[in-house]
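# Overview (structure and organization)
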Amino acid sequence: MKIYYNTTQDLLHIVFRESKQVHNERYNDDIVFDVDSNNKVVGMEILEASTYLDAQDIKNVKVTEEKAA
């Protein structure tokens, strides 16, 4: 997973998995999903990200893996 934050455009882009062929599906005005040819979500973009998230939280991302019960 890769997380990109563009402070100038206030755009957060999260890539869950790389894919060569992606199309966009808009969830709402500010949230767009990147979908591969198998209709799997491989990424998402949040426009005006600071409206939804604190920029400091974006910079301090911590990845935690939970084990299945």
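The shown structure was predicted, so the numbers you read here are calculated from the model rather than taken from an experiment. (Residues numbered from 1 in each chain as written. Predicted model: local features only at pLDDT ≥ 70, side-chain atom pairs only at ≥ 80, totals over all residues. Heavy atoms only, no water.)

### Digging into the overall build of the chain
Put simply, the rule reads: Counting from the N terminus, the helices are DSSP H or I runs at least four residues long and the strands are E runs at least two residues long. Throughout, exposure labels follow a simple rule: accessible area from a 1.4 Å probe, protein chains only, divided by the maximum for the residue type, with under 20% read as buried, over 50% as exposed, and the rest as partly exposed. Note on contacts: a residue pair is in contact if any heavy atoms of the two residues lie within 4.5 Å. For the area figures, the Shrake-Rupley method with a 1.4 Å probe applies, and any residue is considered shielded solely by the protein chains shown. Just so you know, the count uses Lys and Arg for positive and Asp and Glu for negative, and it drops His and the chain ends. Charge positions are represented by NZ for Lys, CZ for Arg, CG for Asp and CD for Glu.
Scanning the chain from N- to C-terminus turns up 1 helix and 5 strands. Projected onto its principal axes, the C-alpha positions of the chain cover 35 × 35 × 20 Å. The proportion of buried residues among the 69 residues of the chain is 25%. Contacts spanning at least 24 positions in sequence make up 31% of the contacts within the chain whose residues lie at least 6 apart. Roughly 5700 Å² of accessible area belongs to the chain as shown, and the carbon and sulfur atoms make up 47% of that amount. Charge centroids of the chain, computed over 8 positive and 13 negative side chains, lie 10 Å from each other.

### Regarding the pattern of salt bridges
Threshold: Any carboxyl oxygen of Asp or Glu within 4 Å of a side-chain nitrogen of Lys or Arg constitutes a salt bridge here.
One pass over the full model with this rule turns up 2 salt bridges. Notably, a salt bridge pairs E18 with K2, separated by 3.7 Å at the nearest N-O pair. In this pair, E18 sits in the loop between β2 (11–15) and β3 (22–26) while K2 sits in strand β1 (residues 2–6), placing the two residues 16 residues apart along the sequence. By relative accessible area, K2 is classed as partly exposed at 42%.

### Some details on the packing of aromatic side chains
One pair of aromatic rings is described through two measures. These are the centre distance and the angle between the planes. Let me state the cut-off plainly: Ring pairs shown here join Phe, Tyr and Trp side chains whose ring centres sit within 6.5 Å, with only the six-membered ring taken for Trp; geometry is labelled stacked below 30 degrees between planes, edge-to-face above 60, and tilted in between.
Counted under the stated rule, the structure contains 1 aromatic pair. Seen from their ring centres, Y27 and F33 are 6.0 Å apart, and the 80° between their planes marks the pair as edge-to-face. Its relative accessible area of 59% is what places Y27 among the exposed residues. On the basis of relative accessibility, which here comes to 25%, the residue F33 falls in the partly exposed class.

### Quick notes on the sheet that holds β3
Here is the rule: Strand pairing is assigned whenever DSSP detects at least two bridges linking the two strands. Every axis in this analysis is a line fitted to C-alpha atoms, fitted for helices over the stretch in contact. Angles between the N-to-C directions lie between 0 and 180 degrees.
Strand order in the open sheet formed by 5 strands is β1-β2-β5-β4-β3, with antiparallel pairing between adjacent strands. Strands at the two margins of the open sheet, each flanked by one partner only, are β1 and β3. Neighbour to neighbour, the strand axes of the sheet diverge by 20° on average, direction disregarded. In this sheet, β2 lies alongside β1 in antiparallel orientation, the contact comprising 5 bridges. Its bridge partner lying in β2, Y5 is registered against L12.

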